[in-house]
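# Observations on the three-dimensional arrangement
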Amino acid sequence: MLRVLAVDDEKPALGELLYLLRSDPRVRSADGATDATEALRRISRALDAGPDGDDGIDVVFLDIHMAGLTGLDVARLLSEFARPPLIVFVTAHEGFAVQAFDLKAVDYVLKPVRRERLAEAVRRVSDLTAAARGARQSPPVTGADAGAVGGPGPDRAGSAATGPLVTGSTAPGTAPEQIPVELGGVTRFVPIDEIAYVEAQGDYARLHTADGSHLVRIPLSTLEERWASRGFVRIHRSHLVALGRIDELRLDAGATTVRVGAAELAVSRRHARQLRDLLMRHARG
């Protein structure tokens, strides 16, 4: 079960968050801190005690806008530790999502906090914490055993990512080559080059490939930034497309669409001219 520290300088918001956390059966304890200094003091004590100590903290639910150090400042400080607690940001502001995921946040929950949305964040933390504890208790994987990890597994359609944003060994300045997605506890690594287009779905993005789709909790704007070097372009507020996967560009009564495989996607007016120019340059090689 999880040991939680919630940090918010607004006491009513902190009290509501603690109430919701303590009502979740996966949470063993939930304590609060009203400023970053107090939070860092408690986290430091927990780290000194070790992951299995009485004062241990598995996850910090962290507000962003606070007096003094912000939640992002706290996360940056924690990233310097060898084994920091997991971080879930809880904020009323959407604009910090990219920075939050750059700081390896597990989740980004918007205020006002809904019980079911918070429960999903707790589930993700619980899964990651259980996996980390299992890794500490298990013997090292030998080379012979490693080949069995990430085998064929179940069908990938409709899977959801719980791992890091991207993975894979790459040269400096290039985008990583794979993105981890999870289905039924099995993590698969989808080559980015196999993704035809990405669709925004609320707090998630759906990655479309030839053999299915994969739901990941990553903002579309983050993928746009990270995958620009791989030829992904924004064509609409809801869609990011691999330039080389566009089969047709259609202009009809002032509306622009593209065909990507069997999918026909709308192109917004503000992206249409840039897309036409990019396609022309791409066609010339």
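Residues numbered from 1 in each chain as written. Predicted model: local features only at pLDDT ≥ 70, side-chain atom pairs only at ≥ 80, totals over all residues. Heavy atoms only, no water.

With parallel pairing, the 5 strands of this open sheet are ordered in space as β2-β1-β3-β4-β5. Looking along the sheet, the strands with just one partner apiece sit at the ends: β2 (27-33) and β5 (107-110). Geometrically, the sheet is characterised by an average inter-axis angle of 20° between neighbouring strands, direction not taken into account. On the sheet, helix α2 (residues 36-49) packs against β1 (2-7), β2 and β3 (59-62) and is oriented at approximately 140° with respect to β2. Taken strand by strand, helix α3 (residues 71-78) contacts β3 and β4 (86-91), and its axis lies near 175° from that of β4. (Pairing = 2+ DSSP bridges. Helix = DSSP H or I, 4+ residues; strand = E, 2+ residues; numbered from the N terminus. Axes fitted to C-alpha atoms, helices over the stretch in contact; angles between N-to-C directions. Contact = heavy atoms within 4.5 Å.)

If you walk through the whole model with that rule in mind, you get 17 salt bridges. For Arg-123, the salt bridge is made with Glu-120, and the minimal N-O distance between the two is 2.9 Å. Of the two residues, Arg-123 and Glu-120 are both situated in helix α5 (residues 115-137); the distance of 3 residues between them amounts to about one turn of the helix. A salt bridge links Asp-247 to Arg-259; its shortest N-O distance comes to 3.6 Å. In this pair, Asp-247 sits in the loop between β13 (239-242) and β14 (248-252) while Arg-259 sits in strand β15 (residues 255-260), placing the two residues 12 residues apart along the sequence. Using a relative accessible area of 44% as the deciding quantity, one classes Asp-247 as partly exposed. When its relative accessible area of 25% is taken as the criterion, Arg-259 is described as partly exposed. Taken together, the shared-partner salt bridges in this structure form one network comprising Asp-247, Glu-248, Arg-250, Arg-259 and Glu-264. (Salt bridge = Lys/Arg side-chain N within 4 Å of Asp/Glu carboxyl O. Buried < 20%, exposed > 50% of the residue type's maximum accessible area, 1.4 Å probe, protein only.)

Another point: the side chain of Arg-206. Among the structural elements, Arg-206 can be located in strand β10 (residues 204-209). This buried residue, Arg-206, is left without a salt bridge; Glu-199 holds the nearest opposite charge, at 5.2 Å. A distance of 2.8 Å separates a polar atom in the side chain of Arg-206 from a polar atom in the side chain of Ser-213. (Lys, Arg positive; Asp, Glu negative; His and termini not counted. Polar contact = N/O pair within 3.5 Å; in protein donor to acceptor, adjacent residues only side chain to side chain.)

A word on the packing of aromatic side chains. Within this structure, the stated rule accounts for 1 aromatic pair. Ring geometry for Trp-227 versus Phe-232: centroids 5.1 Å apart, planes at 50°, classification tilted. For Phe-232, a relative accessible area of 5% gives the class buried. (Phe/Tyr/Trp six-rings, centres within 6.5 Å; stacked < 30°, edge-to-face > 60°.)

Glancing now at the sheet that holds β15. Reading across from one edge, β14-β15-β16 is the order of the 3 strands in this open sheet, with antiparallel pairing throughout. What marks the edges here is a single partner per strand, and that holds for β14 and β16 (263-267). Between one strand and the next, the sheet's axes are offset by a mean angle of 30°, whatever the strand orientation. For β14 and β15, the ladder comprises 5 bridges, and the chain directions are antiparallel. Pairing of Arg-250 across the sheet is with Thr-257, part of β15.

Once that is clear, we can look at the environment of Thr-70. Along the chain, Thr-70 falls in the loop between β3 and α3. The class of Thr-70 is partly exposed, set by a relative accessible area of 24%.

Attention shifts here to the nonpolar core. Within soluble globular proteins, side chains that are nonpolar generally end up buried alongside one another. Leu-5, Val-7, Val-60, Leu-62, Phe-89 and Tyr-108 are the most contacted members of the largest nonpolar core, which totals 24 residues. Mapped onto this core, the elements with two or more residues apiece are β1, α2, β3, α3, β4 and α4 (97-102). Leave out the neighbours within four places in its chain, and Val-7 touches Leu-14, Ala-33, Asp-35, Ala-39, Val-60, Phe-61, Leu-62, Asp-63 and Met-66. One finds Leu-14, Leu-20, Leu-21 and Val-125 within the second-largest nonpolar core, a separate group that totals 20 residues. (Core = buried A, V, L, I, M, F, W, Y, C linked by side-chain atoms within 4.5 Å.)

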